[in-house]
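Overview (structure and organization)
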Amino acid sequence: MTEGPRDCSIANAMEVIGERWSLLALREVFFGARRFDQIVRNTGASRDILTARLRKLVETGILEKRLYEEHPPRYEYVLTEAGHALNHVLLNLMAWGDRYVTEGPPPTVWRHACGEELAPETVCAHCREPVREKDMTLVRSSRRASS
């Protein structure tokens, strides 16, 4: 047997959320759009593609589908604990896009509870210092066995 590709939580996460329409659907739910028609309108995704992406987000426990009207049955999408945990990922991805991809001022701006414009930053949970590449040391990296 030889060593296969690196076993990686980034790759595992990308299997679930690493597609444009999945991320944009999550953005919309974070913004408060919970109904299918709202998400379709705000993302520009086709109905069939969005249906498939939302189904996968529900199956993987990121969203919950809740009945809000019985006759006819209508559902809305609500973030689970796992879905709420993606907020930091989406905010950092947005900040990266604002800095390196988007021309002009950022199209979306959030205000933090402190009153200032939100500038997300990843910090170490132990020392509260910003995380920088030069301060990181790889401790473990596994590979999958391939036949």
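Conventions we followed
Residues numbered from 1 in each chain as written. Predicted model: local features only at pLDDT ≥ 70, side-chain atom pairs only at ≥ 80, totals over all residues. Heavy atoms only, no water. UniProt positions renumbered as here; feature names shortened; annotations may be inferred. Helix = DSSP H or I, 4+ residues; strand = E, 2+ residues; numbered from the N terminus. Contact = heavy atoms within 4.5 Å. Phe/Tyr/Trp six-rings, centres within 6.5 Å; stacked < 30°, edge-to-face > 60°. Buried < 20%, exposed > 50% of the residue type's maximum accessible area, 1.4 Å probe, protein only. Lys NZ or Arg CZ within 6 Å of the ring centre and 35° of its normal.

1. A closer look at the UniProt feature "domain: HTH hxlR-type" (unreviewed entry) in the chain
According to UniProt, the positions carrying the feature "domain: HTH hxlR-type" (unreviewed entry) are residues 8–105. Counted over residues 8–105, helix gives 62% and strand 13%. Its end C-alpha atoms are 34 Å apart.

2. Regarding the environment of Leu 86
With respect to the helices and strands, the residue Leu 86 is situated in the loop between α5 (81–85) and α6 (87–100). Ignoring any residue separated from it by four or fewer positions in sequence, one finds Leu 86 in contact with Ile 17, Leu 26, Phe 30 and Ile 62.

3. Points about the packing of aromatic side chains
Within the structure shown, the criterion is met by 2 aromatic pairs. Both rings, one in Phe 31 and one in Trp 110, keep their centres 5.4 Å apart while their planes meet at 65°; by these two values the pair is edge-to-face. Here Trp 110 lies in the loop between α6 and β4 (143–146) and Phe 31 lies in helix α2 (residues 20–31), a separation of 79 residues in the sequence. With relative accessibility at 41%, the residue Phe 31 sits in the partly exposed group. Here Trp 96 and Tyr 100 contribute two aromatic rings whose centre-to-centre distance is 5.9 Å and whose plane-to-plane angle is 40°, an arrangement assigned as tilted. Here the residue Trp 96 and the residue Tyr 100 both occupy positions in helix α6, the gap between them amounting to 4 residues, near one helical turn. Classification of Tyr 100 by relative accessible area gives exposed; the value is 51%. Taking the ring centre of Trp 21 as reference, the NZ or CZ of Arg 20 above it sits at 4.8 Å.

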